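Coordinate analysis (summary)
Okay, here's what each chain looks like letter by letter:
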Amino acid sequence: MIRSYHCVVTGKVQGVFFRAWVNDQAVALNLSGWVRNLDEGKIEVLLQGDEAKVAEMRTRLLVGPPLSQVSDVKCEWMDYDTEHKGFEIR
């Protein structure tokens, strides 16, 4: 199991290039994992990497890209069954 940080982002986060922005931010911070849309209009993010960089990414998620309006970010540390070698948009 790989220690990972799982987040669900709510607000105006779909249709505003949020996933592409998360991908760019994660790559810049050298984090692995993935981002995807959820049916309820939310975004789900899984991050793996240095804890200080994960904390920085959480701070960035609270702001989001220019067209978004983030209303909440719920995150928790968890054990994940797969170690990711890069970051992907699902």
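The notes below deal with the structure included here.

**Quick look at the overall build of the chain**
Along the backbone of the chain there are two helices and five strands. Starting at the N terminus and walking to the C terminus, you meet the elements of the chain as β-α-β-β-α-β-β. Relative to the globule expectation of 12 Å for 90 residues, the C-alpha radius of gyration of the chain, 12 Å, shows essentially globular dimensions. If one aligns the C-alpha atoms of the chain with their principal axes, the spans along those axes are about 35 × 25 × 20 Å. Buried positions account for 42% of the 90 residues belonging to the chain. Intrachain contacts of the chain at a sequence separation of at least 6 include 76% that bridge at least 24 residues. For the chain, the exposed area adds up to about 5,100 Å²; of that, 47% sits on carbon and sulfur atoms.

**Digging into the side chain of Q48**
Relative to the helices and strands, Q48 resides in strand β3 (residues 43-48). Within the local environment of Q48, its side chain forms a polar contact with the side chain of S4, the two groups lying 2.9 Å apart. Not counting residues up to four positions away in its chain, the partners in contact with Q48 are I2, R3, S4, L31, S32, Y80, T82, E83 and H84.

**Some thoughts on the packing of aromatic side chains**
Summed over the entire model, instances satisfying the criterion amount to three aromatic pairs. Measuring from centroid to centroid gives 4.7 Å for Y5 and W77, while their planes differ by 50°, and the two rings are tilted. With Y5 in strand β1 (residues 2-12) and W77 in strand β4 (residues 69-80), this residue pair connects regions lying 72 residues apart in the sequence. According to the relative accessible area criterion, W77 is partly exposed, its value standing at 30%. Between W34 and Y80, the aromatic rings sit 6.5 Å apart at their centres with planes inclined by 55°, giving tilted as the arrangement. Taken together, the positions of W34 in strand β2 (residues 32-37) and Y80 in strand β4 put the pair 46 residues apart, joining distant regions of the chain.

**A short note on helix α1 (residues 18-28)**
Those residues of α1 lying buried are F18, W21, V22, N23, Q25 and A26. Buried residues in α1 make contact with β1, β2, β3, α2 (51-63), β4 and β5 (87-89). Just beyond α1, the residue with positive phi is N30, at close to 60°.

Quick notes on the rules
- Residues numbered from 1 in each chain as written.
- Predicted model: local features only at pLDDT ≥ 70, side-chain atom pairs only at ≥ 80, totals over all residues.
- Heavy atoms only, no water.
- Helix = DSSP H or I, 4+ residues; strand = E, 2+ residues; numbered from the N terminus.
- Rg over C-alpha atoms; globule rule 2.2 N^0.38 Å.
- Buried < 20%, exposed > 50% of the residue type's maximum accessible area, 1.4 Å probe, protein only.
- Contact = heavy atoms within 4.5 Å.
- Areas by Shrake-Rupley, 256 points an atom, 1.4 Å probe, with all protein chains shown as cover.
- Polar contact = N/O pair within 3.5 Å; in protein donor to acceptor, adjacent residues only side chain to side chain.
- Phe/Tyr/Trp six-rings, centres within 6.5 Å; stacked < 30°, edge-to-face > 60°.

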